[in-house]
Amino acid sequence: MPSNPKPKPKPRYKKSFQAPKGMRDILPEEQIYWDKIEQTIKNLADAYGFKLINTPILEDSELFIKGTGIYTDIVEKEMYSLRTKGGDKLSLRPEFTPAIIRAYLENGLSSLPHPVKLYSIGPIFRYERPQKGRYRQSYQANFEIIGEKDPILDAQLIQLSFSINNALGLKNLITQINSIGCTKCRPIYKKAIMSFYRKRKKELCSNCQKRYQQNPLRLLDCKEKKCVQIAEQAPPIIDYLCEDCHNHFKNVLEYLDELEIPYILNSHLVRGLDYYNKTVFEIWPEDEERRQIALAGGGRYDKLVKLLGGKDTPAVGFAIGLDRAVNQMKEKGVKVPLKSRPLIFLAQLGDLGKKKSLKLFEDLRKAGLKTISSLSQNTITSQLKIANRLQVRFTLILGQKEALDKTIIIKDMLSGSQEIIPLEKVIDRLKKKLKHKT
Ligand code: AMP
């Protein structure tokens, strides 16, 4: 008797795949915005004296736990962490700063003349609730000035973030700024804040109930309605700043006045990360609702280099969110010039024509004549259709006969006229026709 056939195992693969939740593809048609942003950032970074540094996307998880802070949202909830086959615990970088400081210390950049000014462009990963303008893989340009405590640099970084946004066509921005004090004055403020919240603890959201013990400053920037209302009554930190922090903050604001950079004091701005001290700021579009995220944010972090094993070294930095910049450019209708389109289409026909067109394409490219071709198309009608759609100025036709005769047809796509010329003359002829300088 035949035995019962075994049930077929269910296929373990999905029928179709999608990008992971909160992550997305950036398609070719969007790249003009990203190119423009990258170019603008590179030009301005250079103009302000920053040097590019690239660090790995994966870092030792401990770096962020120690650097960003154990009780921050990033470390508590948002890191993508993994264990390698060798047993190392790594995390996809959720932000740049600790990684840049690690690289600065590891590569002996601390022996360079200070301040050391570094910038990076790349993805960051945060396991956040995805929504418009908030992704789990997003992109930042990050700037750090290491080794200088002068408040003038805080102001110049804010200026740089304005310069970048303005060069991208994003105007009407406002800086939200605050000082969160230092290791001397912040503990006093923390006590004041805890005593303010003690009586109101029960009214707080469950997140804030935890924050009360672990990170009381974060109580001030909770977005829950009931917590916002309570925070309105909280004592402002600037009333508690020590003399040094007070003077530092006053100077930053004076420099901003000098630069005519608009700002508002936001005593609830504390930023989510442990390492900040003194100045913290965010750059917002003026008409933006609070529920959205800022265009850029940063601040001073004078204790991080020491915390990560270096000498006591003050530093200040910021990151600009590139996804947000692209979204803003689109929303505000910023026009980005298209890249120059090709003026020449190379059509081929027959085996020999097809073969010869490969080499001709290379010669045209090397001569600086931007050419497009459709080497796998085999009919002239389909190729001319493409040439028409691309609105090229000239189409070259290299058929079997022309390949044998070592000639080529140049078709003027405006007038429809065409001429046959020796193949070796085609580059000169096209250059003349396009008034190309040789
Ligand atoms: P932060 O590192 O949190 O100070 O963020 C700096 C900037 O990066 C923000 O102002 C945003 O523009 C951008 N940003 C941060 N997180 C995200 C995210 N999840 N999705 C998109 N942009 C982000």
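A brief structural summary. Going along each chain's sequence as written, the residues are numbered from 1 onward. For this predicted model, a pLDDT threshold of at least 70 governs which residues receive local features, and a threshold of 80 or more governs which side-chain atom pairs are given and counted, while totals over whole chains, interfaces and linings are taken from all residues. To obtain the side-chain values, all non-hydrogen atoms of the structure were included, while hydrogens and water were left out.

What to know about the sheet that holds strand S6 (residues 137-146)
Inference 1: Within the open sheet, the eight strands sit side by side as S1-S5-S6-S11-S10-S9-S7-S8. Their pairing is mixed. Edge strands, defined here as strands with exactly one partner in the open sheet, are strand S1 (51-52) and strand S8 (263-265).
Inference 2: A pair of strands is treated as paired once DSSP finds two or more bridges between them. Where helices and strands are cited, they refer to DSSP runs of H or I of at least four residues and of E of at least two residues respectively, numbered from the N terminus. Note: S1 against strand S5 (residues 116-125), two bridges, orientation parallel. Pairing of Lys51 across the sheet is with Leu118, part of S5.
Inference 3: A contact between two residues is defined here by any heavy atoms of the two lying within 4.5 Å. Helix axes are fitted to C-alpha atoms over the stretch in contact, other axes to C-alpha atoms as well, and angles between N-to-C directions run from 0 to 180 degrees. Each of S1, S5 and S6 touches helix H1 (residues 31-47); the most contacted strand, S5, lies at about 160° to it.
Inference 4: Set on the sheet, helix H11 (residues 322-331) makes contact with S5, S6, strand S9 (277-285) and strand S11 (315-321); between it and S6 the angle comes to about 115°.

Notes on the environment of Pro28
Inference 1: Relative to the helices and strands, Pro28 is located in the segment before H1.
Inference 2: Throughout, exposure labels follow a simple rule: accessible area from a 1.4 Å probe, protein chains only, divided by the maximum for the residue type, with under 20% read as buried, over 50% as exposed, and the rest as partly exposed. The exposure class assigned to Pro28 is exposed, which follows from its relative accessible area of 67%.

Comments concerning the side chain of Arg211
Inference 1: Summarising the element assignment, Arg211 is placed in helix H7 (residues 206-214).
Inference 2: Excluding residues that lie within four positions of it along the chain, Arg211 makes contacts with Asp73, Pro216, Arg218, Leu219 and Cys222.

So, the pattern of salt bridges
Inference 1: Whenever a carboxyl oxygen of Asp or Glu lies within 4 Å of a side-chain nitrogen of Lys or Arg, that contact is scored as a salt bridge. Applying the stated criterion across every chain yields a total of 24 salt bridges.
Inference 2: Here Arg102 makes a salt bridge to Glu106, at a shortest N to O gap of 2.9 Å. Separated by four residues within a single helix, Arg102 and Glu106 lie in helix H4 (residues 97-106), roughly one turn from each other.
Inference 3: For Glu128, the salt bridge is made with Arg134, and the minimal N-O distance between the two is 2.9 Å.
Inference 4: Each of Asp73, Lys77, Arg211, Arg218 and Asp221 takes part in a single network of salt bridges with overlapping partners.

Some thoughts on the nonpolar core
Inference 1: Among buried residues, those of type Ala, Val, Leu, Ile, Met, Phe, Trp, Tyr and Cys that are joined through side-chain atoms within 4.5 Å constitute a nonpolar core. Within the largest apolar cluster, 93 residues are counted, with the highest numbers of intra-cluster contacts made by Phe50, Phe143, Ile146, Leu160, Ile164, Tyr197 and Phe318.
Inference 2: A per-element tally of this core places helix H5 (residues 151-167) first, with seven residues.
Inference 3: Residues in contact with Ile164, not counting those within four places in the same chain, are Thr40, Ile41, Leu44, Phe143, Phe318 and Ile320.
Inference 4: Grouped together as the second largest cluster of nonpolar side chains are 13 residues, Leu396, Leu398, Ile410 and Ile421 included.

Focus on the packing of aromatic side chains
Inference 1: Classification of ring pairs uses Phe, Tyr and Trp, with its six-membered ring standing for Trp, and accepts pairs whose centres are within 6.5 Å; under 30 degrees between planes counts as stacked, over 60 as edge-to-face, and the remaining range as tilted. Evaluation of the coordinates by the stated rule reveals eleven aromatic pairs.
Inference 2: Aromatic pair Tyr80 and Tyr127: ring centres 5.7 Å apart, planes at 75°, arrangement edge-to-face. Residue Tyr80 is located in the loop between helix H3 (73-78) and strand S3 (81-83), and its partner Tyr127 is located in the loop between S5 and S6; the two are separated by 47 residues in the primary sequence.
Inference 3: Exposure remark for Tyr80: the relative accessible area of 22% places this residue in the partly exposed category.
Inference 4: Centroid distance Phe281 to Phe318: 6.3 Å. Interplanar angle 50°. Geometry classified as tilted. Of this pair, Phe281 sits in strand S9 while Phe318 is found in strand S11, placing the two residues 37 residues apart along the sequence. The burial state of Phe281 is the same as that of Phe318; both residues are buried.
Inference 5: Aromatic ring contacts, followed pair by pair, group Phe50, Tyr119, Phe143, Phe281 and Phe318 into a single cluster.
Inference 6: Charge-over-ring placement is defined geometrically: NZ (Lys) or CZ (Arg) within 6 Å of the ring centre, and within 35 degrees of the ring normal. Lying across the ring of Tyr135, Arg24 places its NZ or CZ 3.8 Å from the centre.
Inference 7: Of note, Arg393 hangs over the ring of Phe394, and the distance from its end group to the ring centre comes to 4.8 Å.

As for the sheet that holds strand S4 (residues 89-92)
Inference 1: Strand order in this open sheet of three strands is S2-S4-S3, and the pairing throughout is antiparallel. On the outer flanks of this sheet lie strand S2 (58-60) and S3, each paired with one strand and no other. The average angle at which neighbouring strand axes cross in this sheet is 35°, direction not considered.
Inference 2: Looking at chain direction, S3 and S4 are connected through three bridges and run antiparallel. Each residue of the ladder has a partner; that of Ser81, found in S4, is Ser91.

As for the site of the ligand
Inference 1: Around the ligand there are 15 residues in total, and Arg126, Glu128, Tyr135, Arg271 and Ala294 lie nearest to it.
Inference 2: Measuring from an oxygen atom of the ligand, one finds a side-chain N or O atom of Arg126 at 2.8 Å.
Inference 3: Counted as a polar contact is a pair of N or O atoms within 3.5 Å, where, for protein atoms, one must be capable of donating a hydrogen and the other of accepting one, and residues adjacent in sequence contribute only when both atoms are in side chains. Ala294 places a main-chain nitrogen or oxygen 2.6 Å from an oxygen atom of the ligand.
Inference 4: Using the Shrake-Rupley algorithm and a 1.4 Å probe, accessible areas are obtained, with residue cover drawn only from the displayed protein chains. Protein chains bury 90% of the 480 Å² of accessible surface belonging to the ligand in isolation.
Inference 5: Secondary-structure elements contributing two or more residues to the shell around the ligand are S6 and S11.
Inference 6: When residues are grouped by polarity, Ala, Val, Leu, Ile, Met, Phe, Trp, Tyr, Cys and Pro land in nonpolar, Asp, Glu, Lys and Arg in charged, and all others, Gly among them, in polar. Of the residues contributing to the shell around the ligand, the split by class is six nonpolar, four polar and five charged. Proximity criterion: a residue is near a molecule or strand once any of its heavy atoms comes within 4 Å of it.

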